[in-house]
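Residue strings, one per chain:
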Amino acid sequence: MTGDDGRSGRLEVIAGPMFAGKTEELVRRVHRAQVARRGVLVVAHELDTRSGPGRVASHSGLEVPSRSVRAADEIQTLVADGTELVAVDEAQFFGLDLPDVATALADAGLVVVVAGLSVTFDGRPFAPLPELMAVAESVTKLTAVCAVCGRDAAFHVRLEAAPADVDDALAPTSGHVGGAESYEARCRRHRA
Ligand code: ADP
Ligand code: MG
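Residues numbered from 1 in each chain as written. Chains lettered and ligands numbered in written order. Predicted model: local features only at pLDDT ≥ 70, side-chain atom pairs only at ≥ 80, totals over all residues. Heavy atoms only, no water.

Draft legend 1. Quick look at the nonpolar core. Formed by 27 residues in total, the largest nonpolar core has its most connected members in Ile75, Val86, Phe94 and Leu98. Of all the secondary structure elements, the ones that give two or more residues to this core are β1 (10–16), β2 (39–45), α2 (75–78), β6 (83–88), α3 (98–107), β7 (111–117) and α4 (129–134). Of all the elements, α3 adds the most residues to this core, at five residues. When sequence neighbours within four positions are dropped, the list of residues in contact with Val86 reads Leu41, Val43, Ile75, Val79, Leu105, Leu110, Val111, Val112 and Val113. Of all hydrophobic cores here, the second largest spans 14 residues; its members include Ile14, Leu26, Val42 and Ala87. (Core = buried A, V, L, I, M, F, W, Y, C linked by side-chain atoms within 4.5 Å. Buried < 20%, exposed > 50% of the residue type's maximum accessible area, 1.4 Å probe, protein only. Helix = DSSP H or I, 4+ residues; strand = E, 2+ residues; numbered from the N terminus. Contact = heavy atoms within 4.5 Å.)

Right, dumping it as structure tokens:
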């Protein structure tokens, strides 16, 4: 593992519902680090098939090359000499092993940026985002635009017409896999 003696290590969390711009913000921070010639590792989960293999992509088309892993403990094995920033997208796929891994990397002096869904499609806290937010130096909580009224949307819902098998792979945590065709951002008033 690289990094310094821990003085500049930090954990930054980007959280919110679907369409909030979490991946855009993650990619923005990765691009800034690359401009500053920092060594960057971008990590996605193998279960995240929406972007296609080898890249993390936003709904608006921003993208960055990434490595895919099956579990949180594989992330450390990808950290090379010179890696200074580790960016993890779709953190909800990694489960409750991720906070310990992210903490170990930040303790070792790396900047760790983690983006993910803070809520399930039925409006409950979605682990491990709450746990990550609790131990982060910075938390950026984003909202999307409500698809019904345009207010700030802190939630997303699964549309009735969505194919039944869209996120069966993740049941019972049931938060996400589909894209724009099966989920909509909603404000507090229109989430039910
Ligand atoms: P996230 O990673 O949070 O799901 P992305 O960064 O992939 O979000 O995409 C954000 C982009 O999605 C916005 O910049 C916008 O172009 C688009 N978008 C589509 N629907 C919405 C919506 N309801 N609210 C906000 N942005 C939306
Ligand atoms: Mg995203």
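Draft legend 2. Local environment of the state of the cysteines. Enumeration over the complete set of coordinates arrives at zero disulfides. Cys146 carries a free sulfur, and the closest cysteine sulfur to it, the one in Cys149, is 3.8 Å from it. In this structure Cys149 is a free cysteine whose sulfur lies 3.8 Å from that of Cys187, the closest cysteine sulfur available. Cys149 sits in the partly exposed class, given a relative accessible area of 33%. (Disulfide = S-S within 2.5 Å.)

Draft legend 3. Fine view of the sheet that holds strand β5 (residues 67–69). Read from one edge of the open sheet, six strands run β5-β2-β6-β7-β1-β8, paired in parallel fashion. Two strands close off the open sheet at either side, each with one partner strand: β5 and β8 (138–141). On average, each strand axis in the sheet is tilted by 20° relative to the strand beside it, whichever way the strands run. As paired strands, β2 and β5 are joined by three bridges and run parallel to one another. Bridging across to β5, Ala44 finds its partner in Ser68. Where helix α1 (residues 22–35) meets the sheet, its contacts fall on β1, β2, β6, β7 and β8, and the angle it forms with β1 comes to roughly 150°. Packed on one face of the sheet, α3 meets β1, β6 and β7 and runs near 155° to β7. (Pairing = 2+ DSSP bridges. Axes fitted to C-alpha atoms, helices over the stretch in contact; angles between N-to-C directions.)

Draft legend 4. Here's a closer look at the site of ligand 1. Within the structure, ligand 1 sits among 14 residues, and Phe19, Lys22, Glu24, His59 and Val145 are positioned closest to it. One of the backbone nitrogen or oxygen atoms of Ala20 is found 3.0 Å away from an oxygen atom of ligand 1. Within the contact set of ligand 1, an oxygen atom lies 2.7 Å away from a backbone nitrogen or oxygen of His59. When isolated, ligand 1 has an accessible area of 570 Å², and the protein chains bury 73% of it. Put simply, the parts of the chain that give the shell around ligand 1 at least two residues each are α1 and β9 (144–145). Of all the elements, α1 adds the most residues to the shell around ligand 1, at three residues. Residues that form the shell around ligand 1 fall into these classes: seven nonpolar, five polar and two charged. (Near = heavy atom within 4 Å. Polar contact = N/O pair within 3.5 Å; in protein donor to acceptor, adjacent residues only side chain to side chain. Areas by Shrake-Rupley, 256 points an atom, 1.4 Å probe, with all protein chains shown as cover. Nonpolar A, V, L, I, M, F, W, Y, C, P; charged D, E, K, R; others polar.)

Draft legend 5. Representation of α1 within the structure. When the terminal C-alpha atoms of α1 are compared, their 20 Å separation across 14 residues agrees well with the 20 Å that a helix rising 1.5 Å per residue should span. Of all the positions in α1, only Lys22, Thr23, Glu25, Leu26, Val27, Arg29, Val30 and Ala33 are classed as buried. (Expected span 1.5 Å × (residues − 1).)

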